[in-house]
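# Descriptive structure summary
Residues per chain are reported as follows:
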Amino acid sequence: MMMYYSQTIYMCWHFLPQAVREGKSQYEKAFGIPSKELFEAIYRSEEEMINFMHHMDSTWNLCGKDVVQAFDFSEFHTVYDLGGCSGGLAKQFVSTYNDSTVTIMDLPKVVQTAKKYFVTDQEQQIHFIEDLFNDPIPEADLFIMARIIHDWTEEKCLELLRKIYQSCRPGGGVLLVEVLLNEDRSGPLMSQLFSLNMLVQTEGRERTPSEYTKLLTDSGFRDIQVKITGKIYDAILGRK
């Protein structure tokens, strides 16, 4: 995690004043790579992709168990983790809910790298499907979106959440895992810093519980529950 922060995020933060003035990602200034396609910039080389995936693995080693235990997910047996990267959170999920299988949908090169470096043959409850944004989303009981919604504008978030709603089985749900801001945006400090980081790296931002609730209800989900875990990442569950 700290390797990724020092080698990548720190470089983007050199251009924080420009990010505030322009309201957009600073990957092009930091690395000379256009940031129009977000993940083309983030995964600009295999080495950088592996660094990012190790960062995700270490994040879920610290916070994953609190997230997957935020609610009782034992009724959900078919789970899709959209943008699940190296499978770090999926491993935490199947270790807690042994009767579940988790299928990770991500970009083709991410899936190939995950299979090569991060997933063992013994992890039979975890599967991969290539392509997150273009393929239809298969039916499932539960969809996980961890650190995904904060990357995007409201329009793109709603487009993806509505696709998920259509594929979600009746009684199923969607789990958002994000850093939450206070409703008045007065803090927490960590969440405010993360939101600035979304500015310098992506086209998104961190949001308040009510903003996530509105995104979910506008997509068709109901019975929205928010759980503050006490760790970096919190959990929001919506039901169909």
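Whatever comes next refers back to the structure up there.
Let me begin by describing the structure that accompanies this report. (Residues numbered from 1 in each chain as written. Predicted model: local features only at pLDDT ≥ 70, side-chain atom pairs only at ≥ 80, totals over all residues. Heavy atoms only, no water.)

## Structural notes on helix α8 (residues 154-167)
- An ideal rise of 1.5 Å per residue puts 20 Å on 14 residues; α8 measures up with 20 Å between its terminal C-alpha atoms.
- Every buried residue of α8 is listed here: C157, L158, L160, L161, I164 and S167.
- Among the structural elements, β1 (78-82), β4 (140-146), β5 (168-178) and α10 (209-218) are those in contact with the buried residues of α8. (Helix = DSSP H or I, 4+ residues; strand = E, 2+ residues; numbered from the N terminus. Expected span 1.5 Å × (residues − 1). Buried < 20%, exposed > 50% of the residue type's maximum accessible area, 1.4 Å probe, protein only. Contact = heavy atoms within 4.5 Å.)

## Things to note about the packing of aromatic side chains
- Within this structure, the stated rule accounts for twelve aromatic pairs.
- An angle of 75° between the planes, with centres 5.6 Å apart, marks the rings of Y43 and F52 as edge-to-face. Comparing Y43 with F52, the two get one shared label, buried.
- Measuring from centroid to centroid gives 6.2 Å for F194 and Y233, while their planes differ by 80°, and the two rings are edge-to-face. Separated by 39 residues along the polypeptide, F194 in helix α9 (residues 189-201) and Y233 in the loop between β6 (222-227) and β7 (234-239) bring together distant segments of the chain.
- Taking relative accessible area as the criterion, F194 reaches 10% and is therefore assigned buried.
- Relative accessible area serves as the criterion here: at 2%, Y233 is assigned to the buried category. (Phe/Tyr/Trp six-rings, centres within 6.5 Å; stacked < 30°, edge-to-face > 60°.)

## Concerning empty space enclosed by the protein
- Under the defined criterion, the tally for this structure stands at one cavity of 30 Å³ or more.
- Considered as a void within the structure, the largest cavity measures approximately 310 Å³ in volume.
- Lining the largest cavity are 28 residues, with F39, F52, M56, R147 and D151 sitting closest to its centre.
- Among the elements of the structure, α1 (2-13), α4 (38-42), α5 (46-68) and α9 are those that each provide at least two residues to the lining of the largest cavity. (1 Å grid on protein atoms, 1.4 Å probe; cavity = no way out; pocket = protein on both sides within 12 Å on 5 of 7 lines; lining within 4 Å. Points joined across faces, edges and corners; volume = space filled by probe spheres on them.)

## Section: the layout of surface pockets
- The space that makes up the second largest pocket amounts to roughly 240 Å³.
- For the second largest pocket, the lining is made up of 13 residues, of which Y5, I9, M190, L193 and F194 are closest to its centre.
- Looking at the lining of the second largest pocket, the elements with two or more residues in it are α1, α5 and α9.
- For the lining of the second largest pocket, the class distribution of residues is ten nonpolar, three polar and no charged. (Nonpolar A, V, L, I, M, F, W, Y, C, P; charged D, E, K, R; others polar.)

## Re the sheet that holds β5
- The strand order β3-β2-β1-β4-β5-β7-β6 describes an open sheet built from seven strands, whose pairing is mixed. The open sheet has two edge strands with one neighbour each: β3 (126-130) and β6. Along the sheet, successive strands turn relative to each other by an average axial angle of 20°, direction set aside.
- Across five bridges, the pairing between strand β2 (residues 101-106) and β3 is parallel. Bridging from a neighbouring strand, V102 pairs with I126 of β3.
- Helix-sheet contacts for α10 involve β5, β6 and β7, and the interaxial angle to β6 is about 155°. (Pairing = 2+ DSSP bridges. Axes fitted to C-alpha atoms, helices over the stretch in contact; angles between N-to-C directions.)

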